[in-house]
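Overview (structure and organization)
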Amino acid sequence: MVSVNLPMKLYIVLLLCSPIVINTEQETRTPANMVILAGVMKAGTTSLWEAMLQHPNIHSGLVAKGMRGTDKELHFFDTQTVCHNGNVLQRGRGNASAWDLYKRKLPGVPSGHKILDATPKYFSMPKSAMSAWNTLMHKREGRKTKLIVLLRDPVDRALSQWRHYERELDKGNDSGRKREQQFPARCREFFNCTWAQRMGHNKTMFQVVRQHINAYQSCEEQAIRGDASDPVLRASKLEDCFHLKTEHNLVAQGLYDLLAQYWLHLFHPEQLCFMSFSYLTNSTNGMRVILDFVFDGNDKYDKDLLTVSSANEGKIMSESDGGKTRDKELAMSVLKTFYNQKHRNWFYKYIEDHNFVGCGQNDNNFKNLVFPNQVVGLDAWQNESC
């Protein structure tokens, strides 16, 4: 009897005599903790994400089983339409707070720590900018959210995306050909195709580039110049022009001057950081600028310990391409001509010339940005309600 009760008595005595430690550092999940790496695809976002997670005070998201996304790409703002009151209309379940839904994908972190959502598809979807603004800016600390966009030469970006597509179709067990056999034969119009068909699963890069450019120019003509009296229709058509129901468009995602307007129009300059891919990967200062921006210059961590690799991006042209090299050269030539027309490439050149804009250092440079295009659709989206 004694041998059984004695350990319990000792346990109670030790518990009562032990000093009480109170953890005053509560875990939080607020917009002030958020860093959103919004784009662009194939511009080094994965490399930057991996480098930033080396920092002890930066954490990745959490994606529960059954939820879309990964710990890197949370895919919230591109999959939810958030109304101006901060709510998401859920079918059959009424309204829900967008922030409460988004928060399910976020871990609790100590105050001052950051949570990184690196979903590069956000930047290429104008409506994602509105959904992000409606979600974050309705909260008290929404203005403390940081948004980072890496930009890469649009021609090089398109080539990198094409190579990514080729790797996807060439993944083991002949999965590429098996996937091709499942494509419906009825795909006649560009907008009715699956993503792989839009990429031209059995076409050359040159053929696909011409197809994408023709589809975009035709749609752009209708969206921007036609239906001027109906902003909702114009916005819808413009979104179709970008083919933003899929992320696999070679041409539209390089129209940085058009896409950047939505983010610059909605968010405050101190929240934004646009940086060129080449500056981040070729300069030791790029990572320091990013972390100073994220932590408002109050971070004491040795930034030289964090490295960004451009290995995933590969060389622009490779001898291993064999007979395909000539086709890629033709495609790149067509893309270069397209982006140089109508000032389509001026925003990237502006960022490249300045290395970065915003990032908490040269916010005044935003004042020099005069966009030639109209921001289409914002008024209509801002008036949507749930």
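For the structure, see preceding data.
Residues numbered from 1 in each chain as written. Predicted model: local features only at pLDDT ≥ 70, side-chain atom pairs only at ≥ 80, totals over all residues. Heavy atoms only, no water.

Here we look at the overall build of the protein
As a reminder, the rule being used: Helix and strand assignments come from DSSP, with helices taken as H or I runs of at least 4 residues and strands as E runs of at least 2, each series counted from the N terminus. Burial classes: relative accessible area under 20% of the type maximum marks a residue as buried, over 50% as exposed, and values in between as partly exposed (1.4 Å probe, protein chains only). Here, two residues are considered to be in contact whenever any of their heavy atoms come within 4.5 Å of each other. Exposure was quantified through the Shrake-Rupley algorithm and a 1.4 Å probe, taking into account, for residues, occlusion by the shown protein chains and nothing else.
The secondary structure content of the protein amounts to 15 helices and 10 strands. Residues classed as buried in the protein amount to 49% of the 386 residues present. Partitioning the intrachain contacts of the protein with sequence separation of at least 6 by distance along the chain shows that 76% fall at a separation of at least 24. Of the roughly 19400 Å² that the protein leaves accessible, carbon and sulfur atoms contribute 49%.

Points about the state of the cysteines
To keep things clear, this is the line we draw: In this description, a disulfide is simply a cysteine sulfur pair whose atoms lie within 2.5 Å.
Taken as a whole and judged by the stated rule, the model has 1 disulfide. One disulfide bridge connects Cys273 with Cys359, the sulfur atoms lying 2.0 Å from each other. Taking the sign of the torsion about the S-S bond as the criterion, the disulfide between Cys273 and Cys359, at about 75°, is right-handed. Note that Cys273 is positioned in strand β9 (residues 272–276) and Cys359 in the loop between β10 (356–358) and α15 (378–382), a separation of 86 residues in sequence. Since its relative accessible area comes to 2%, Cys359 is described here as buried.

Here we look at the environment of Ala43
Relative to the assigned elements, Ala43 resides in the loop between β2 (34–39) and α2 (45–52). Along the backbone, Ala43 and Ser276 are 233 residues apart, and their C-alpha atoms lie at a distance of 8.6 Å.

Points about the packing of aromatic side chains
Where we set the bar: Between rings of Phe, Tyr and Trp, where Trp is taken as its six-membered ring, a pair exists when centres lie within 6.5 Å; planes separated by under 30 degrees are stacked, by over 60 edge-to-face, and by other angles tilted.
Taken as a whole, this structure holds 12 aromatic pairs when the rule is applied. Between Trp99 and Tyr102, the ring centres sit 5.9 Å apart and the planes meet at 65°, which makes this aromatic pair edge-to-face. Linking Trp99 with Tyr102, this pair stays in helix α3 (residues 98–103), spanning 3 residues, or about one helical turn. For the pair formed by Trp99 and Tyr102, the shared burial category is buried. Ring centres of Tyr256 and Tyr348 lie 6.2 Å apart, and the angle between their planes is 55°; on these two criteria the pair is classed as tilted. One end of the pair, Tyr256, is in helix α10 (residues 256–266); the other, Tyr348, is in helix α14 (residues 346–354), with 92 residues separating them in the sequence. Each member of the pair, Tyr256 together with Tyr348, is buried. An aromatic cluster is present here, built from Phe76, Phe77, Trp99, Tyr102 and Tyr122 joined pairwise through their rings.

Focus: the packing of α10 against α14
Under the convention used in this document: To obtain each axis, a line is fitted to C-alpha atoms, and for helices this fit is confined to the stretch in contact; angles are then taken between N-to-C directions over 0 to 180 degrees. Just so you know how the angles are binned, under 35 degrees is roughly parallel, over 145 roughly antiparallel, 65 to 115 roughly perpendicular, and the rest oblique. We call Asp, Glu, Lys and Arg charged. Ala, Val, Leu, Ile, Met, Phe, Trp, Tyr, Cys and Pro are nonpolar, and the rest, Gly among them, are polar.
Orientation of α10 relative to α14, taken along the N-to-C sense of each, is 75°, at an axis distance of 7 Å. Relative to α14, the element α10 is oriented roughly perpendicular. Each of Tyr256, Asp257, Ala260 and Leu264 in α10 lies in contact with α14, whose residues at this interface are Trp346, Phe347 and Tyr348. The class makeup of the residues in the contact of α10 with α14 is 6 nonpolar, no polar and 1 charged.

Some points on the nonpolar core
Spelled out, the test is: Take the buried residues of types Ala, Val, Leu, Ile, Met, Phe, Trp, Tyr and Cys, join any two whose side-chain atoms come within 4.5 Å, and each joined set is a nonpolar core.
Formed by 70 residues in total, the largest nonpolar core has its most connected members in Leu48, Met52, Phe123, Ile148, Leu151, Trp263 and Phe274. When near neighbours in sequence (up to four residues on either side) are disregarded, Phe274 contacts Phe123, Val149, Leu151, Ala260, Leu264, Phe347, Ile351, Asn355, Phe356, Val357, Cys359 and Phe366. With 20 residues, the next largest nonpolar core counts Ala158, Val208, Ile213 and Val334 among its residues.

Observations concerning the sheet that holds β9
Strand pairing in a sheet takes place through backbone hydrogen bonds and is either antiparallel or parallel in direction. So the rule is basically this: Two strands make a pair as long as DSSP finds a minimum of two bridges between them.
The mixed open sheet is built from 6 strands, whose spatial order is β3-β7-β2-β8-β9-β10. Two strands bound the open sheet, and with one partner strand each, they are β3 (58–60) and β10. Here the average twist between neighbouring strands, direction ignored, is 20°. Bridging between strand β8 (residues 146–151) and β9 involves 5 bridges; their strand directions are parallel. Paired with Val149 across the two strands is Phe274, which belongs to β9. Across the sheet, α2 lies against β2, β3, β7 (114–118) and β8, angled at about 160° from β2, the strand it touches most.

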